[in-house]
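Residue-level listing of the chains:
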Amino acid sequence: MDERLFWAEAFDGDRKNGKAKHKSFALPGAKPQYAPDRPARVEHIHLAIALDLAAKTLEGTCTLTLDPIRSGVSRLTLDACGLDIDTVRCSGGVQPHDYDGEVLTIHLGQPMQVGQKLEVAIAYAARQPQRGIYFIHPTNAYPDKPVQVWTQGEDEDSRYWFPCFDYPGQLATSEIEVTVPAEFTAVSNGKLLNVRDEDGDRKTYHWKQEQVHPTYLMTLAVGRFVEIRDEWRGKPVTYYAEPNLEDRAKLTMGKTPAMIEFFSEIFGYDYPYPKYAQVCVDDFIFGGMENTSCTLLTDRCLIDERAEIDDLRSETLVAHELAHQWFGDLLVIQHWSHAWIKEGMATYAEVLWDERNYGLDHADYHRYQDRCSYMSEDSSRYRRPIVTNVYKVAIELYDRHLYEKGACVYHMLRHWLGQDLFQKAIHTFVNDNAHSTVETVDLIRAIDKATGLNPRSLFDQYVFRGGHPEFKVAYSWD
């Protein structure tokens, strides 16, 4: 995700008498956060839903296939915020449940047993949801606004549009069958299996994601989109935008195949998904979001021929979200406290793309801006370790320490190890952990394994503690 306003400039922080003032990062009420216990592995999530765009509602069924980790569990708790829960069925039978508006508790008739998979089907509705899924319509103030529906799961907002175990440590395959008005297109993760005509006025799009991913990367985008087709090594690379914006979409996203080739090389792992789609949506709350094989971008990133000459911010955004398909999607963080692994790498990858395309001077200036942005936050807002699990809500972690300082740590590792060993370490990290979850220690182990060098003291200084080297420089002349 790029939650930065991508047009914002780096700025210098305020210092008083040359001394930085460091406030506490943790807000009142913050406490240590940990991933919840797992009673079972979620193997598959199947959503069969219908959208009512005018009423801003969705109705349908969420079916979870579970593989129990331990026997004797007789109660399941799922994240489900603001939903209307109708019935819950487990392996065909209706089960009693409690729901308080945030947590759905299912009382199993028979406790789970290891080796016996369980299918849980929840009939539910989301009516004018406040988060997670957004219904966009024209208003009196903005009569030209398009009609669209799109989702945003990170950090923990998927629970607002379907019941789930809503944290990154659970990985599952998924599929979405969504029924929409016939004139609309629905785009989601993975492969498009089919499009079915329902009653002449409605269509059902059936998308399936066959590689495991977390719930926050499940996505849906619906609109009257124009599809622009491209490809990389025979895989579809598609760009979606509102009609009359095709030219801008091509200008903004047209370098994507070259980026996929570049990142496949530097990460040592070919792009792993059956397609890559980028969908430009209206009123998007961030710059972009790297949903697995289906990135959503703000339509404000669409550039014209004049902007293409000297404005690289949109190109940088496209590169950032694409890099996440490896760091964030192929390698999924085990817990939000380790999000720097993906956000720092995606920000680092922006500089690598600049270096490849526009030369070292341009890349160095980009890196300098990142450093200034982090140091401004460190001096004027707060100082914190990059990895910390003390916060109120996970979105608080998405700051300049996570993005820009995280990127600076990767640059420092590259300088310390040298290009060849750094590349070898990154390739080892990616290949050893593909399609699984990672923490910071896994990166440390990959560096050790690939190079024989122990980076733990460096990580202790720069990642697990706050701050950076500060020098007082003086000179005299005779």
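Preceding block: the structure.
Being a predicted model, the structure only gives us computed values, none of them experimental.

The helix and strand tally for the chain stands at ten helices and 24 strands. Against the compact-globule benchmark of 23 Å for 478 residues, the chain has a radius of gyration of 23 Å, which places it among compact chains. Seen through its principal axes, the chain has C-alpha atoms that stretch 90 × 55 × 45 Å. Nonlocal contacts in the chain, meaning residues at least 24 apart in sequence, comprise 72% of its contacts between residues at least 6 apart. As presented, the chain carries roughly 20,900 Å² of accessible surface, and 47% of it is formed by carbon and sulfur atoms. The average position of the 51 basic charges and that of the 72 acidic charges among the side chains of the chain differ by 5 Å.

Glancing now at the packing of aromatic side chains. A complete count under the given rule lists 23 aromatic pairs for this structure. An angle of 25° between the planes, with centres 4.6 Å apart, marks the rings of tyrosine 134 and tryptophan 150 as stacked. Highlighted residues: tyrosine 134 in strand E10 (residues 133-136) and tryptophan 150 in strand E11 (residues 148-151), separated in sequence by 16 residues. Look at tryptophan 232 and tyrosine 271: their rings are 6.4 Å apart centre to centre, the planes differ by 85°, and that puts the pair in the edge-to-face class.

Most of strand E21 (residues 294-298) is tucked away: five of the five residues are buried. The alternating pattern of E21 places Cys294, Leu296 and Thr298 and Thr295 and Leu297 on opposite faces, both of which are buried. Sheet topology places strand E19 (residues 276-281) next to E21; five bridges connect them, and they run parallel. Looking at the pairing, valine 279 lines up with leucine 296 of E21. Direction of pairing for strand E20 (residues 288-289) relative to E21: antiparallel, over a ladder of two bridges. By the bridge assignment, glycine 288 is partnered in E21 with leucine 297. Taken together, E20 and the strand that follows it, E21, pair antiparallel across an intervening segment of four residues, in which serine 293 is found at a positive phi of about 65°.

Glancing now at the sheet that holds strand E12 (residues 172-181). Strand order in the open sheet formed by eight strands is E6-E5-E9-E3-E2-E12-E15-E14, with mixed pairing between adjacent strands. The strands lining the two open edges of the sheet, one partner per strand, are strand E6 (93-94) and strand E14 (191-197). Sheet topology places strand E2 (residues 40-52) next to E12; seven bridges connect them, and they run parallel. Note on E12: the bridge partner recorded for isoleucine 49 is valine 178.

Attention now moves to the pairing of strand E18 (residues 235-241). For E18, the tally of buried residues reaches five of seven residues, placing the bulk of the element in the interior. The pairing of strand E17 (residues 226-232) with E18 spans seven bridges and is classified as antiparallel. Looking at the pairing, isoleucine 228 lines up with tyrosine 239 of E18. Counting the residues between successive antiparallel strands, the hairpin from E17 to E18 contains two residues, one of them, arginine 233, with a positive phi of roughly 50°. Judged from the four bridges that link them, E18 and E19 form a sheet pairing that is parallel. From the neighbouring strand, threonine 238 faces E19, where its bridge partner is alanine 277.

Relative orientation of the contacting elements helix H7 (residues 401-417) and helix H8 (residues 419-433) amounts to 125°, with a least axis distance of 6 Å. Comparing the axis directions of H7 and H8 gives the class oblique. Read as a crossing pair, H7 and H8 show a hand that is right-handed. Judged by residue contacts, Tyr410, Leu413, Arg414 and Leu417 of H7 engage Gln419, Leu421, Phe422, Ala425 and Ile426 from H8. Here the contact of H7 with H8 is composed, by residue class, of seven nonpolar, one polar and one charged.

Moving on, we come to the sheet that holds E21. Ordered by their spatial adjacency, five strands build an open sheet running E17-E18-E19-E21-E20, and the pairing between neighbours is mixed. Each of the sheet's edge strands pairs with one partner strand only, and the pair in question is E17 and E20. Its contacts with the sheet put helix H1 (residues 246-253) on E17, E18, E19 and E21, and the angle it makes with E17 is roughly 30°.

Turning to the nonpolar core, a few remarks are in order. Buried together is how nonpolar side chains tend to be arranged in soluble globular proteins. Formed by 137 residues in total, the largest nonpolar core has its most connected members in Phe263 and Trp340. Residue contributions to this core peak at eight residues, all from helix H5 (residues 340-358). Phenylalanine 263 has contacts with Gly268, Ala319, Leu322, Ala323, Trp326 and Ala349, leaving out every residue within four places of it along the chain.

Rules used in this analysis
- Residues numbered from 1 in each chain as written.
- Predicted model: local features only at pLDDT ≥ 70, side-chain atom pairs only at ≥ 80, totals over all residues.
- Heavy atoms only, no water.
- Helix = DSSP H or I, 4+ residues; strand = E, 2+ residues; numbered from the N terminus.
- Rg over C-alpha atoms; globule rule 2.2 N^0.38 Å.
- Contact = heavy atoms within 4.5 Å.
- Areas by Shrake-Rupley, 256 points an atom, 1.4 Å probe, with all protein chains shown as cover.
- Lys, Arg positive; Asp, Glu negative; His and termini not counted.
- Charge placed at Lys NZ, Arg CZ, Asp CG, Glu CD.
- Phe/Tyr/Trp six-rings, centres within 6.5 Å; stacked < 30°, edge-to-face > 60°.
- Buried < 20%, exposed > 50% of the residue type's maximum accessible area, 1.4 Å probe, protein only.
- Pairing = 2+ DSSP bridges.
- Axes fitted to C-alpha atoms, helices over the stretch in contact; angles between N-to-C directions.
- Parallel < 35°, antiparallel > 145°, perpendicular 65-115°, else oblique.
- Left-handed = near helix turned anticlockwise from the far one by under 90°.
- Nonpolar A, V, L, I, M, F, W, Y, C, P; charged D, E, K, R; others polar.
- Core = buried A, V, L, I, M, F, W, Y, C linked by side-chain atoms within 4.5 Å.

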